[in-house]
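This is what each chain is made of:
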Amino acid sequence: MKYEDVVYARRAINFFDPEKDVSEEMLDKVISLAAQAPSGFNLQPWNLMILRDKAKKEKLQALAWNQPKVSEAPITLIVLADMDGWKSGHPTVEKNWKEMIASGSMTEDKRDWFLNATQSLYRWSDAANVAFAVKNASFFSMALMYAATNYGLETHPMDGFDHEGVKKAFNIPDNFWIPVLISLGYRKPGVELHDSKWRKTVEDIKITFPEG
Ligand SMILES: Cc1cc2nc3c(=O)[nH]c(=O)nc-3n(C[C@H](O)[C@H](O)[C@H](O)COP(=O)(O)O)c2cc1C
């Protein structure tokens, strides 16, 4: 699909076909396309918990405003944003460091500079730490939804859920923030979509502030 077609075809879908599964191969294709999303210093602080099991999805649904799509979709994803994903010793940080050295974009003597740079950007406050993880995982989430649309799948992002309750129920460690849940599957046959919702205009989006 052309990019513009993908963008206009993606909709937050409420009615999934519970009979039509998404194969593991298809899911992997979606994830590997989404994995091309950009991230600060290429740190990629995101993970996915993949829920296919009906009982697990129902457990999640009960913590997500009882939204039926959570268990009707063949897959619901818990997107995890890793707040430790900038720290020295973290496996992805170390892998990233090795890759940067191997590609020549970084030299060994810059290690302290690199660690100080990530610390100063991402850990100057608790809010900055959450923002680091959530902004990157949100780019990944958007990329995942467009990837799904590209392959003829439907998605629905949700932040209507009990954050702490989901963490507890699914044993999610404290270094993770959950920016969003995403249901993934095929649209239920016979369900008509409403017209696309309104969007802010380009002029609404552009803004300036008087400089002091
Ligand atoms: C971060 C985020 C959280 C959302 N949470 C919910 C939700 O909990 N329940 C729901 O029905 N829709 C949720 N939505 C879907 C939005 O309502 C929907 O994307 C928006 O109305 C625009 O519609 P469209 O995606 O079909 O263009 C969420 C969307 C985003 C991006």
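It should be emphasised that the depicted structure is a prediction, and the values quoted were computed from it without experimental measurement.

Draft legend 1. Representation of the sheet that holds strand 4 (residues 176–185) in the model. With antiparallel pairing, four strands are arranged side by side in an open sheet as 1-2-4-3. The strands lining the two open edges of the sheet, one partner per strand, are strand 1 (46–51) and strand 3 (154–158). Within this sheet the neighbouring strands show an average axis-to-axis angle of 25 degrees, counted without direction. Pairing of strand 1 with strand 2 (residues 75–82) involves six bridges; the strand directions are antiparallel. Across the sheet, L48 pairs through a bridge with V79, a residue of strand 2. Sitting on the sheet, helix 7 (residues 126–150) is in contact with strand 1, strand 2, strand 3 and strand 4, with an inclination near 10 degrees to strand 4.

Draft legend 2. Examining the packing of aromatic side chains more closely. Scanning all chains against the criterion turns up six aromatic pairs. Aromatic side chains F41 and F114 sit 5.4 Å apart centroid to centroid with 85 degrees between the ring planes, which places their arrangement in the edge-to-face category. One end of the pair, F41, is in the loop between helix 2 (24–34) and strand 1; the other, F114, is in helix 6 (residues 111–122), with 73 residues separating them in the sequence. Assessed through its relative accessible area of 0%, F114 is described here as buried. Seen from their ring centres, Y122 and F132 are 4.3 Å apart, and the 35 degrees between their planes marks the pair as tilted. Of the two residues, Y122 is situated in helix 6 and F132 in helix 7; the sequence distance between them amounts to ten residues. For the pair Y122 and F132, a shared accessibility class is recorded, and that class is buried. Aromatic ring contacts, followed pair by pair, group F41, W97, W113 and F114 into a single cluster.

Draft legend 3. Focus on the site of the ligand. All residues adjacent to the ligand are R10, R11, A12, Q67, K69, H156, P157, M158, D159, G160, K197 and R199. Measuring from a nitrogen atom of the ligand, one finds a side-chain N or O atom of Q67 at 2.8 Å. Between K69 and the ligand, the recorded distance is 3.0 Å, taken from a side-chain N or O atom to an oxygen atom. Within the complex, 65% of the 620 Å² of free accessible area of the ligand lies under protein. No other element matches the three residues that strand 3 contributes to the shell around the ligand.

Draft legend 4. A look at unusual backbone geometry. Unusually for a residue other than glycine, Q44 sits at a positive phi of about 50 degrees. Non-glycine residue N171 carries a positive phi angle of around 55 degrees. Position of N171 relative to the elements: it lies in the loop between helix 8 (163–169) and strand 4. Judged by its relative accessible area of 71%, N171 falls in the exposed class.

Draft legend 5. Main features of the nonpolar core. Membership of the largest hydrophobic core comes to 35 residues, with the highest contact counts inside it found for F114, L144 and L153. Elements represented by at least two residues in this core include exactly helix 2, strand 1, strand 2, helix 5 (91–103), helix 6, helix 7 and strand 4. Tallying contributions element by element places helix 7 first for this core, with eight residues. What F114 contacts, discounting residues up to four positions off in sequence, is F41, L43, V93, N96, W97, M100 and M106. Counting 14 residues, the second-largest nonpolar core is a separate cluster that includes I78, F161, F170 and L181.

Thresholds, definitions, all that
- Residues numbered from 1 in each chain as written.
- Predicted model: local features only at pLDDT ≥ 70, side-chain atom pairs only at ≥ 80, totals over all residues.
- Heavy atoms only, no water.
- Pairing = 2+ DSSP bridges.
- Helix = DSSP H or I, 4+ residues; strand = E, 2+ residues; numbered from the N terminus.
- Axes fitted to C-alpha atoms, helices over the stretch in contact; angles between N-to-C directions.
- Contact = heavy atoms within 4.5 Å.
- Phe/Tyr/Trp six-rings, centres within 6.5 Å; stacked < 30°, edge-to-face > 60°.
- Buried < 20%, exposed > 50% of the residue type's maximum accessible area, 1.4 Å probe, protein only.
- Near = heavy atom within 4 Å.
- Polar contact = N/O pair within 3.5 Å; in protein donor to acceptor, adjacent residues only side chain to side chain.
- Areas by Shrake-Rupley, 256 points an atom, 1.4 Å probe, with all protein chains shown as cover.
- Core = buried A, V, L, I, M, F, W, Y, C linked by side-chain atoms within 4.5 Å.

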